[in-house]
Each structure stands twice: as C-alpha cells, then as structure tokens.
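# Structural features, examined
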Amino acid sequence: MPTPTADRLRVYFPSKNLSADGDALPQLVADAGGSLTTIVDAALTQADDYWNGAVGWFDGNTPTAVLQGQFFHVKDFESTTGTLTLSKELPAVPAAGDTFRLALGGNWRSAQETFGMLVGGVLPELKTVSGVNITGLTLKKASALLGTGTLTVFYKRAQQMLYIKMGAQAYGVGLDTSVNVTGGIVFAADGQAWLQVDIVAALLPTVDRTDTWTLAYPERTLTPDYEGYETKNDIGGKTRYRLECVKNTDPADTMVDLSVYTGKPSGAQSAIASGQSLGLVAGAFDVTDATGWPVKGFWIRNKTVNSGVGDCRYVNYRSGNTLYCFGVDWALLAFNTGASEIRQGDVLTGATSGATAVVDQVVVTSGTWGGGNAAGTLLLKKVVGTFSNTEYLRVSSVNMARATAASVLGLRGYTAVAWAAANVIELMPDVDVGANKPAVNQYENPASETVAPANVTFQAAFSAATALYLNHLGPAKLHGVWRREWFMDGHQSRAGIDADTRYFWS
C-alpha cells in the first residue's frame, strides 16, 4: 500500500459555532461604529464573552485595503451591541461592510485550512500571489515544511514542467503543466515540502522563466499572543487550550503510525553545575553550559529526577549560565463526595490544613455534583500550604467536597521534586499536546479557551522520540490535536516561540 504524500495531511480550524463537520466559517460583516480596538457586528448574537479568546482575520478582499489579511485576537465580546474588543490596535478602523472570520473552540472542523507560509509578505490563501515572470502561475499555499528563505519556482518550457527549491537546494520532482492544473502539488527535493499551485497552460511563457519569493512564518494565525490582561485580578496564571483538526485527504491509503510533536527552543542539553541545586521555591542555579538558550521566559526539564520521568520549571530569565526560576505553586488534588459544585476561579481552603489555592481546572471522572458523589481531580494554582488527605475542601466556608489524598505540587503534569548537581537539563517546548479522536466527527467542546477539553491527556512532545502517538489514520478520516499553554503568574513574553506541530507517519 503506498504511503500518502506529505500534502495529504491537511490541518483545519475548528469552531464551536458550527453545526457539522466541514462547515464553512461564516463570513461576518462589520457595522459602523468600530474603532482601532473594536469591531461591531450586530449579527453576532451569542452570549456575553462567547468569543473571548477567538482568533480572527479580515478577508483578503475586504474593502479597507490595509485590513486585508489582518489577524486579530478577541479580548472581550459584548452581546448587546455585538462588539468585539481586540487585544491590540488594528492598522485602520473597520468600515461598515468590511468582512472577517472568527474561529474558537473545539466542536466541529471547519472547511478553513490553517495557513501556510507568508509568500512575499502575504498569505496566498487570502490574497492572490501570481507569477511575475511565469505568467499563468498562481500560488495557492506554501507548506510550512519549506521553511524560511528564498523560494525559487522554475518553469522549464521544453519539458512543460514546474520545479521548486529553497535557497541553494536542488530542484525537486517537476509538476506537469502541459494542461491546466488546479490545486497541483510540486515538491521540493526532500519530497516532503511542497507548494500548491494553479496553472493556466495557455498563459505560460514560451521560454524558460524563474520567479522568486521570500517565505516567512506567519504569526498569531492559530495560537494568539499571550496578553498581560489574561492574568488580570491576580488570578495566578492560567492554562489555555487550542485545537487543530487533522484529516487524511488521501482517497485510498492509510497514514500508518501517525505521530506529532512540536517545536522547542534551540540549544543543547546541559547539566546542573557542581555544588548547585534547586528546591520547590523560587531560586537560581548554574548549569554547565547554556550557550544559545533563550534569555527569558522559557521552560526546562530535568531528565534525571523521578526515576527518569522528569520534572520541569519555568525560567524567568537567564544570565550567562545562571537560571532564575519561579517556584512551584500549582498542584493536583484528588477529591470525592462532591456535593456543591467547585468552579474554575473558586478560592479553595482546606478545613483542617488551612491550605489555600485558586482553582484552575475541575475534572470530574465519576458521579455528579447534584448527586453529592462527584469525584475527580482539581488543578490548583497560587497554592499555599498542603491540602491534607480526607479533609473537607471549602469555598467561602462551605464544605464542597473531600480530599482523597494530599495535594501534590507540580507543573505541566510533572511531580515537583528537588534538583541536584549533575542532573541533566534540557529545553522544553512552550506547549503540551493531547490527542482528541472525534466521536462521529465531533470534537470535545469546552465552554471557553481556558477550560480543558474532557478526555484529553497532555504531554510534552518535542522530538520524534517523544512524539504524541495518534495511531493509524485512514482515508478521509479525522483526528485532532489540542495544544495546552501553561502560563505562570508573571509569565514573560518571548519572541520567536515555535509552537508549530510536525506530523509524520509510515
């Protein structure tokens, strides 16, 4: 059975406002009354805050030229007037009649693919990119596997073939252009990176011709920037969740052992220097060599502790080989006999221990709150003290549930322990990933971007060896990958974060 080629795996936006797999993202139309930081559309009638956290973009042909292809991140949605408040200023005030799209959530896969590379500063999926010297050529999408740099497209007239390469690489296998082509794929030399094109054969040049474009990664097209307002009111950090829907578009062949991993900062692994250590509170320690590591706002993993399972910390900043880390004030707490519902944002107090924390996530694995027998796990932040086994868990002095074990400190699914000299340290990705096989093509659908999807287990996956295994994906079948971003209280921004997913199969 042939292996599906790299172009056959396509990734799509989901959105919680859709009603079936493959629905189009609705085209929305701005009304008058917007500003540099607001878009008004009275046709948006969902409940207050429904679109909080959404990613959006203006269509490539929207009337206000400077807004064409412009992406934005929704800070707040007010339903009475249909006003979207944005996290950053737009380059112009939206005019009545400007058209745009919104995407947020799980629920259903849309027909809108996620975006590829910027080609000459624009996305070909939104604005037309045509050949200058190679007439009759229109670029439709540039695969992220091409990477950044100079894309060269070469038309060989005698063969009536189209070739591509990046930089000084060799050309790949050519695409036949003797007849019209719609959505044709031309591969680079590695057989993985590709360019999707349309060809009008009658308009092609009568001699050899070459065109070049500069490729760059787009930003904030699926996962938006993390904004300072997202931890307003001293809530102690947050976790945030995004879904990408993947489909095997090959008509006949299965992607065997489909797996996925994410990017991470560059830099070789190191080790804790002699005489150095780190506890569970904020502190600094030296590694033997941090050359090339980020200088602020990044995650590290200790590969040695917890019998090789590891542990992680968030590095506030680095000075040479010295890393200044935040303390661990997040914890997992198992509970049962849940009578009154514990909600995200509740301030929890241990009736006996006096420990306190803010609830970030509530996962109920059995029972119900209404039945008085809810059981599951709480993800807590701003933890002070240790919750004791069997003690009552209180919100505003009311007993809500009971602990079934002592709380366990840790970040990103690891159990926090002390670190010692010679422990091996490596850089971690900025996101964790979790698999979501849709049930009858419908994905998990959390209420907001800060509510974890049910039945999804997350892991750090930053290489082929640590990849998230998705099993086999048959022709026309769907899978899904959720990203979890874990933001600490005082989390710093950092340029050039690579949260892109890399898929591979047999």
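Refer to the preceding data block for the structure.
Figured I'd write up the structure that's included with this text. Keep in mind the model is a prediction, meaning the values are calculated, not measured.

Next up on the list: the overall build of the chain. Within the chain, the regular secondary structure consists of zero helices and 39 strands. Burial statistics for the chain: of 506 residues in total, 50% are counted as buried. When contacts within the chain are restricted to residue pairs at least 6 apart in sequence, those whose partners lie at least 24 apart make up 71%. When the accessible surface of the chain is split by element, carbon and sulfur atoms take 51% of a total near 20,900 Å².

Moving on to empty space enclosed by the protein. Considering all chains together, one arrives at two cavities of 30 Å³ or more under this definition. Considering only enclosed or pocket space, the largest cavity measures out at about 80 Å³ in volume. As for the largest cavity, its lining consists of Phe 13, Pro 14, Val 55, Ala 103, Leu 104, Gly 105, Leu 222, Tyr 241, Arg 242 and Leu 243. For the lining of the largest cavity, the secondary structure elements donating two or more residues are strand E1 (9-15) and strand E18 (237-248). Top contributing element to the lining of the largest cavity by residue count: E18, with three residues. When grouped by side-chain class, the residues that make up the lining of the largest cavity number eight nonpolar, one polar and one charged. Taken as a whole, the second largest cavity spans an internal volume of roughly 30 Å³. Lining the second largest cavity are Leu 104, Gly 105, Tyr 241, Pro 446, Ser 448, Glu 449 and Trp 482.

As a further point, take the environment of Ser 110. Inspection of the secondary structure assignment puts Ser 110 in strand E8 (residues 108-113). For Ser 110, a relative accessible area of 0% translates into the label buried. Remark: the alpha-carbon pair of Ser 110 and Val 364, spanning 254 residues in sequence, is separated by 29 Å. For Ser 110, the residues in contact, after removing those within four places along its chain, are Tyr 12, Phe 13, Pro 14, Leu 18, Gly 22, Asp 23 and Leu 25. Polar contacts involving the side chain of Ser 110 include one to the main-chain carbonyl oxygen of Phe 13, which spans 2.7 Å. Separated by 3.0 Å, the side chain of Ser 110 and the backbone nitrogen of Gln 112 make a polar contact.

Further remarks concern the sheet that holds strand E15 (residues 181-187). One open sheet accounts for four strands, arranged E10-E11-E16-E15; its pairing is antiparallel. Two strands bound the open sheet, and with one partner strand each, they are strand E10 (129-130) and E15.

Conventions used here
Residues numbered from 1 in each chain as written. Predicted model: local features only at pLDDT ≥ 70, side-chain atom pairs only at ≥ 80, totals over all residues. Heavy atoms only, no water. Helix = DSSP H or I, 4+ residues; strand = E, 2+ residues; numbered from the N terminus. Buried < 20%, exposed > 50% of the residue type's maximum accessible area, 1.4 Å probe, protein only. Contact = heavy atoms within 4.5 Å. Areas by Shrake-Rupley, 256 points an atom, 1.4 Å probe, with all protein chains shown as cover. 1 Å grid on protein atoms, 1.4 Å probe; cavity = no way out; pocket = protein on both sides within 12 Å on 5 of 7 lines; lining within 4 Å. Points joined across faces, edges and corners; volume = space filled by probe spheres on them. Nonpolar A, V, L, I, M, F, W, Y, C, P; charged D, E, K, R; others polar. Polar contact = N/O pair within 3.5 Å; in protein donor to acceptor, adjacent residues only side chain to side chain. Pairing = 2+ DSSP bridges.

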